[in-house]
Amino acid sequence: MVVLVKPSPLLGSKAMDGNHHKVDANVLLLGAENVGKSALTVRFLTRRFIGEYGDIESIYSHIDKTDGREISLNIWDSLYPQSCETTESISDKQLQWADGVILVYSICDRSSFEVVRQQVQLIRQTRKLSASAPIIIVGNKRDLLHQRAVSSEEGRLFALAADCGFFEISAAETYHGVLLVFHEILDLIKESRALKKGMAGIKGIVRSVSAVFGKKWE
Ligand SMILES: Nc1nc2c(ncn2[C@@H]2O[C@H](COP(=O)(O)OP(=O)(O)OP(=O)(O)O)[C@@H](O)[C@H]2O)c(=O)[nH]1
């Protein structure tokens, strides 16, 4: 069950967009337990790393400024269901809701990287996520290099092969790395929408030209 919570004023964001801003983007965070999904979300919303985050699945709404433009976004910080198969770890509702997905693993936990691999496969197979919705894979806990279990190259090569973006960051160490991830997913969502609009425009022109010449354009 997803809980729409009003996070503490500390976060400076409201779970419901009280100003009724048109939401510009819904971003879904997925990944195994304990990889840092909440840490990424809270770091982005508050610039802070607070260490322990509790096991609540939450949707936060936040107004962000990129290129001088206000973007209203919802961030769904999902919970990895206890002792479930990875195939059950993502709901159709989550994928139909999302305009973009951030899949998080810990570079110190190989099993969390395997969960991300399976979740990417699941997302692609179910086709519940819009075909144009961007996916970014994030290897978190980069500050724990001495405990590394997944090489940066392996993560990057997998993301490349899966047509996903890729970042290695540390939510504990810096705000900047987390900011880059969220701004990248927002840029990719904007690009995919512009592309969709462009395609619709071309189809419209073809239809009207066909109407004029009465031809069925193949
Ligand atoms: N060293 C280090 N620890 C981190 C980092 N990000 C998160 N953690 C720690 O990892 C643990 C899990 O972080 P969460 O953000 O709760 O992870 P989660 O994926 O939301 O976990 P679930 O609630 O189980 O889904 C906490 O103890 C965090 O302090 C990081 O970048 N570096």
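Before reading further, recall that the structure is shown in the block above.
The rules behind the values
Residues numbered from 1 in each chain as written. Predicted model: local features only at pLDDT ≥ 70, side-chain atom pairs only at ≥ 80, totals over all residues. Heavy atoms only, no water. Pairing = 2+ DSSP bridges. Helix = DSSP H or I, 4+ residues; strand = E, 2+ residues; numbered from the N terminus. Right-handed = clockwise from strand over helix to strand, strands pointing away. 1 Å grid on protein atoms, 1.4 Å probe; cavity = no way out; pocket = protein on both sides within 12 Å on 5 of 7 lines; lining within 4 Å. Points joined across faces, edges and corners; volume = space filled by probe spheres on them. Core = buried A, V, L, I, M, F, W, Y, C linked by side-chain atoms within 4.5 Å. Buried < 20%, exposed > 50% of the residue type's maximum accessible area, 1.4 Å probe, protein only. Contact = heavy atoms within 4.5 Å. Near = heavy atom within 4 Å. Polar contact = N/O pair within 3.5 Å; in protein donor to acceptor, adjacent residues only side chain to side chain. Areas by Shrake-Rupley, 256 points an atom, 1.4 Å probe, with all protein chains shown as cover. Sits in = over half its atoms within 2 Å of the grid points. Nonpolar A, V, L, I, M, F, W, Y, C, P; charged D, E, K, R; others polar. Expected span 1.5 Å × (residues − 1). Axes fitted to C-alpha atoms, helices over the stretch in contact; angles between N-to-C directions. Parallel < 35°, antiparallel > 145°, perpendicular 65-115°, else oblique.

Colleague: So what exactly am I meant to see when it comes to the pairing of strand β6 (residues 165-168) here?
Modeller: When a strand is regular, its side chains alternate between the sheet's two faces. Pairing of strand β5 (residues 135-140) with β6 involves four bridges; the strand directions are parallel. From the neighbouring strand, Ile136 faces β6, where its bridge partner is Gly165. As a crossover connection, the stretch from β5 through helix α4 (residues 152-161) into β6 is right-handed.

Colleague: Explain the layout of surface pockets here, please?
Modeller: Take a probe with the size of a water molecule and roll it over the atoms, and the empty space left behind shows itself. Of the volumes computed, that of the largest pocket is approximately 520 Å³. Per-element tally for the lining of the largest pocket: the top contributor is helix α1 (residues 37-46), with three residues.

Colleague: What's the story with the nonpolar core in this structure? I'm lost.
Modeller: Within soluble globular proteins, side chains that are nonpolar generally end up buried alongside one another. Grouped together as the largest cluster of nonpolar side chains are 30 residues, with contacts concentrated most on Val27, Leu29, Leu40, Phe44, Ile102 and Phe182. Among the elements of the structure, β1 (25-31), α1, β3 (69-77), β4 (100-106), β5 and α5 (175-213) are those that each provide at least two residues to this core. Top element by residues in this core is α5. It accounts for eight residues. Non-local contacts of Leu29, meaning those with residues more than four positions away in its chain, are made with Lys37, Leu40, Thr41, Ile75, Trp76, Asp77, Ser78, Ile102, Val104 and Phe182.

Colleague: Is there a simple way to think about the site of the ligand in this case?
Modeller: The ligand sits among 21 residues. The nearest are Asn34, Lys37, Ala39, Gly51 and Asp143. One of the backbone N or O atoms of Gly51 is found 2.5 Å from an oxygen atom in the ligand. Contact between the ligand and Ala172: an oxygen atom at 3.1 Å from a main-chain N or O atom of the residue. In the complex, the protein chains occlude 87% of the 650 Å² of accessible area that the ligand would expose alone. Under a 2 Å grid-point criterion requiring more than half of the atoms, the pocket assigned to the ligand is the largest pocket. Per-element tally for the shell around the ligand: the top contributor is α1, with three residues. For the shell around the ligand, a count of residues per class yields nine nonpolar, six polar and six charged.

Colleague: I tried to follow α5 on my own but got confused; where do I start?
Modeller: Because each turn of an α-helix spans 3.6 residues, side chains separated by three or four positions in sequence point in the same direction. The terminal C-alpha atoms of α5 lie 57 Å apart, and with 39 residues this matches the ideal 57 Å at 1.5 Å per residue to within 8%. Those residues of α5 that sit buried are Tyr175, Gly177, Val178, Leu179, Val181, Phe182, Ile185, Leu186, Ile189, Ser192 and Ser210. Where α5 terminates, the next one or two residues include Gly214, which has phi positive at roughly 65°.

Colleague: Could you clarify how one ought to interpret the pairing of β1 in this entry?
Modeller: With respect to burial, β1 is a largely interior element, seven of its seven residues being buried. Burial along β1 is two-sided: Ala25, Val27, Leu29 and Gly31 facing one way and Asn26, Leu28 and Leu30 facing the other are all buried. In this sheet, β3 lies alongside β1 in parallel orientation, the contact comprising five bridges. Along β3, the bridge assignment pairs Asn26 with Asn74. Judged from the five bridges that link them, β1 and β4 form a sheet pairing that is parallel. Across the sheet, residue Leu30 finds its bridge partner in β4, namely Leu103.

Colleague: Looking at this structure, how should I read the packing of α1 against α5?
Modeller: Helix-helix packing is described using two parameters, namely the angle between the two axes and the distance between the axes. One can describe the packing of α1 onto α5 by two numbers: an axis separation of 9 Å at closest approach and a directional angle of 95°. The angle between the axes of α1 and α5 places the two elements in the roughly perpendicular class. Seen from α1, the contacting residues are Leu40, Arg43 and Phe44; seen from α5, they are Tyr175, Val178, Leu179 and Phe182. In terms of residue class, the contact of α1 with α5 is made up of six nonpolar, no polar and one charged.

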